[in-house]
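Here is what each chain is made of, one letter per residue.
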Amino acid sequence: HKRLKETQAINKSLSSLGDVFTSLANGSKHIPFRNSKLTYLLQDCLSGDGKALMFVNLSPTIESSNESLCSLRFAQRVNAVELGKA
């Protein structure tokens, strides 16, 4: 039960992070940084001239292929976002 709650919390945080990246990519006036603790803490890094680097861990096993594909799709979504001036 505890592991399920933890997994749900992680998924919610990652979903909120995805929403922030989508809003940034679309140039939205409102960026939903306060939707999770994770995005709230990353607000300074992801706004203005902040820079961010994301690592994606993948598993080579066939059993993990769906999870790896989801991770790659998320990384592709993040890659489309330009943060500030490079």
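For the structure itself, look to the data block above.
Residues numbered from 1 in each chain as written. Predicted model: local features only at pLDDT ≥ 70, side-chain atom pairs only at ≥ 80, totals over all residues. Heavy atoms only, no water.

Caption draft 1: Expanded view of helix α4 (residues 65–79). Spanning 15 residues, α4 covers 21 Å between terminal C-alpha atoms, matching the ideal 21 Å at 1.5 Å per step. Residues of α4 that are buried: S68, F74, A75 and V78. Along the axis of α4, the buried residues cluster in a sector spanning 120 degrees; they form a single face. More than 90 degrees from the buried face of α4, the exposed residues found are N66, R73 and Q76. Summarising the contacts, the buried residues of α4 are in contact with α1 (2–26). (Helix = DSSP H or I, 4+ residues; strand = E, 2+ residues; numbered from the N terminus. Expected span 1.5 Å × (residues − 1). Buried < 20%, exposed > 50% of the residue type's maximum accessible area, 1.4 Å probe, protein only. Arc of directions from axis to C-beta. Contact = heavy atoms within 4.5 Å.)

Caption draft 2: Region of interest: the pattern of salt bridges. Counted by the stated rule, this structure contains one salt bridge. Put simply, R77 and D19 hold a salt bridge, and the shortest N to O gap is 3.9 Å. Linking R77 in helix α4 with D19 in helix α1, this pair joins segments that are 58 residues apart in sequence. (Salt bridge = Lys/Arg side-chain N within 4 Å of Asp/Glu carboxyl O.)

Caption draft 3: Highlighting the nonpolar core. Listed in full, the ten residues of the largest apolar core are L17, V20, F21, I31, F33, L46, F74, V78, V81 and L83. Listing elements by their share of this core, those giving two or more residues are α1 and α4. In terms of residue count, α1 provides more of this core than any other element does, three residues in total. Aside from chain neighbours lying at most four places away, what touches V81 is F21, L24 and A25. (Core = buried A, V, L, I, M, F, W, Y, C linked by side-chain atoms within 4.5 Å.)

Caption draft 4: Fine view of the environment of C45. With respect to the secondary-structure elements, C45 resides in helix α3 (residues 43–46). Taking the relative accessible area as the measure of exposure, C45 reaches 38% and is therefore partly exposed. The spatial distance from the C-alpha of C45 to the C-alpha of V20 is 12 Å, given a sequence separation of 25 residues. When sequence neighbours within four positions are dropped, the list of residues in contact with C45 reads G50, K51 and L83.

Caption draft 5: α1, seen in detail. Across its 25 residues, α1 extends 36 Å between first and last C-alpha, which sits within 8% of the 36 Å expected from 1.5 Å per residue. All buried positions along α1 are accounted for by S13, S16, L17, G18, V20, F21 and S23.

Caption draft 6: The packing of α1 against α4, seen in detail. It is the contact of α1 with α4, at a shortest axis distance of 9 Å, that shows an interaxial angle of 30 degrees. In this view, α1 runs roughly parallel relative to α4, as classed from their interaxial angle. The two elements α1 and α4 cross, and the hand of that crossing is left-handed. Of the residues in α4, those touching α1 at L14, L17, G18, D19, F21 and T22 are F74, R77 and V78. Of the residues assigned to the contact of α1 with α4, the class counts are five nonpolar, two polar and two charged. (Axes fitted to C-alpha atoms, helices over the stretch in contact; angles between N-to-C directions. Parallel < 35°, antiparallel > 145°, perpendicular 65-115°, else oblique. Left-handed = near helix turned anticlockwise from the far one by under 90°. Nonpolar A, V, L, I, M, F, W, Y, C, P; charged D, E, K, R; others polar.)

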